[in-house]
Amino acid sequence: MAAETEPFDPLENLKLRNERFCCGKSIHLHQDTAKIRELVAGQNPRAVVVSCSDSHVPPEIIFDQGLGNIFTIRTSGHVMSYFE
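About the criteria used
Residues numbered from 1 in each chain as written. Predicted model: local features only at pLDDT ≥ 70, side-chain atom pairs only at ≥ 80, totals over all residues. Heavy atoms only, no water. Salt bridge = Lys/Arg side-chain N within 4 Å of Asp/Glu carboxyl O. Helix = DSSP H or I, 4+ residues; strand = E, 2+ residues; numbered from the N terminus. Buried < 20%, exposed > 50% of the residue type's maximum accessible area, 1.4 Å probe, protein only. Contact = heavy atoms within 4.5 Å. Expected span 1.5 Å × (residues − 1). Arc of directions from axis to C-beta. Core = buried A, V, L, I, M, F, W, Y, C linked by side-chain atoms within 4.5 Å. Patch = residues over 30% accessible without salt bridge, like charges linked within 9 Å, V, L, I, M, F, W, Y side chains within 5 Å. Areas by Shrake-Rupley, 256 points an atom, 1.4 Å probe, with all protein chains shown as cover.

Caption draft 1: Representation of the pattern of salt bridges. Applying the stated criterion across every chain, the model contains three salt bridges. When the shortest N-O distance is used, the salt bridge between Lys-15 and Glu-12 registers 3.7 Å. Residue Lys-15 and its partner Glu-12 are located together in helix 1 (residues 10-22), separated by three residues, close to a single helical turn. Across the pair Lys-35 and Glu-38 runs a salt bridge whose closest N-O atoms are separated by 3.1 Å.

What follows is the structure, encoded as structure tokens:
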């Protein structure tokens, strides 16, 4: 699926890309030196992922995200609260 046809909603986008990862169909967008050079000017991630510092589950890989697409906070033994 091309990036331009993916959902704009950040949560729906993460769900879609996680499904691709689970099916072995990751497309690994934005993981090249051109993207690194682009990020020097600034970053605009569309999602924040709080995850365990354990290296078994890197959010960028399981959500099939490229460099600068998500802001990842890795924590160990901390609790995050969710408020609506």
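Caption draft 2: Here's a closer look at the environment of Pro-7. For Pro-7, the position within the fold is in the segment before helix 1. Classification of Pro-7 by relative accessible area gives partly exposed; the value is 31%. Leave out the neighbours within four places in its chain, and Pro-7 touches Glu-12, Asn-13, Leu-16 and Arg-46.

Caption draft 3: Structural view of helix 1. In this model helix 1 runs 18 Å from its N-terminal to its C-terminal C-alpha over 13 residues, within 8% of the 18 Å that 1.5 Å per residue would give. Within helix 1 the residues assigned to the buried category are Asn-13, Leu-14, Arg-17 and Arg-20. The buried residues of helix 1 occupy an angular sector of 120° when projected down its axis, which confines them to one face. Turned more than 90 degrees away from the buried face of helix 1, the exposed residues are Leu-11, Glu-19 and Cys-22. Turning to helix 1, the residues buried within the fold contact strand 1 (47-52), helix 3 (59-62) and strand 2 (70-75). At the C-terminal side of helix 1, Gly-24 shows a positive phi close to 75°.

Caption draft 4: Quick look at the nonpolar core. Leu-14, Ala-47, Val-49, Ile-62, Phe-63 and Ile-70 form the largest nonpolar core, which has six residues in total. Each residue touching Val-49, except ones within four places of it in the same chain, is listed here: Pro-59, Phe-63, Ile-70, Phe-71, Thr-72 and Ile-73.

Caption draft 5: Structural detail: a nonpolar patch on the surface. A cluster of nonpolar side chains, Val-48, Val-50, Phe-71 and Ile-73, forms an exposed patch at the surface whose accessible area comes to about 330 Å². The set of elements that each furnish at least two residues to the nonpolar patch consists of strand 1 and strand 2. Position of Ile-73 among the secondary structure elements: in strand 2.

Shape descriptors only; they carry no functional weight alone.
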